[in-house]
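One-letter residues, chain by chain:
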Amino acid sequence: MRILVTIASRHGGTWGIGEVVASTLRERGHDAELRAPEDVTDLTGFDAVVLGSAVYVAHWMPAARDLADRLGAQLAERPVWLLSSGLATQPAASANSPHEIRDLVERIGARGHRSFHGRLDRSVLSFTERATISAARAREGDHRDMTAVARWAEQIADALAPVPA
Ligand SMILES: Cc1cc2nc3c(=O)[nH]c(=O)nc-3n(C[C@H](O)[C@H](O)[C@H](O)COP(=O)(O)O)c2cc1C
């Protein structure tokens, strides 16, 4: 199947998660394309979509939210999986606007949503970002679990092409 993996990322950490999703889907025989949401204008030709975003100040990035708004009807016609990447240490239910994700899951009938730990490198942050993050107790470093990402992508690959009984 032809699968679009579209990921909003500011500093590249979530994009790297998207790369692992796309390469895992390819290893499982799918034709996966990785694109930034702002480069996606139409879903024609794609059989399924993985849409994801880094989380900043409790929200998905505008480019990912904008894609969900612009192409909501087309997303609703296809199998869609959502992913978020952030460093929130609170339980998922009290962090990162779970109601927004829940609304989106319902609106487009997404098959699922998965949160993955992200990456924080203070040296690449802007002055404003550093000021924002200093109030939070976010741990510096790369906390991405690419094995877990690949496993999740394998489940998507299998759901789209079930092994015949
Ligand atoms: C200014 C700033 C605000 C952030 N806000 C959140 C947040 O609200 N929730 C969260 O889980 N992670 C938050 N993070 C952590 C990022 O989501 C994490 O670093 C992520 O991996 C960044 O992805 P990117 O490299 O794709 O941009 C924040 C990071 C920064 C620098």
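Per an unreviewed UniProt entry, the protein is named Protoporphyrinogen oxidase, and its organism is Cellulomonas fimi.

What follows concerns helix α4 (residues 98-108). Considered for burial, the residues of α4 that qualify are Ile101, Leu104 and Ile108. Mapping the buried residues of α4 onto a view down its axis gives an arc of 60°, with all of them on the same face. Opposite the packed face of α4, turned more than 90 degrees from it, sit the exposed residues Arg102 and Glu106. Contacts made by the buried residues of α4 are with β4 (59-60), α2 (62-70), α3 (72-76), β5 (80-86) and β6 (112-117). Positive phi shows up at Gly109, right after α4, with a value of about 65°.

Turning our attention to the environment of Asp121. Tracing the backbone through its elements, the reader meets Asp121 in the loop between β7 (119-120) and α5 (127-135). For Asp121, a relative accessible area of 33% translates into the label partly exposed. Engagement of the side chain of Asp121 in a polar contact is seen with the side chain of Ser123, the distance being 2.7 Å.

Leaving glycine aside, a negative phi is the common case for residues, and trans is the common case for peptide bonds. Of note, the phi angle at Val57 is positive, near 50°, even though the residue is not glycine. Structurally, the position occupied by Val57 is in the loop between β3 (48-56) and β4. The backbone of Ala58 sits at a positive phi, close to 75°, despite the residue not being glycine. On the secondary structure map, Ala58 appears in the loop between β3 and β4. Take Ala58: its relative accessible area is 29%, and that puts it in the partly exposed class.

About the cut-offs
Residues numbered from 1 in each chain as written. Predicted model: local features only at pLDDT ≥ 70, side-chain atom pairs only at ≥ 80, totals over all residues. Heavy atoms only, no water. Buried < 20%, exposed > 50% of the residue type's maximum accessible area, 1.4 Å probe, protein only. Helix = DSSP H or I, 4+ residues; strand = E, 2+ residues; numbered from the N terminus. Arc of directions from axis to C-beta. Contact = heavy atoms within 4.5 Å. Polar contact = N/O pair within 3.5 Å; in protein donor to acceptor, adjacent residues only side chain to side chain.

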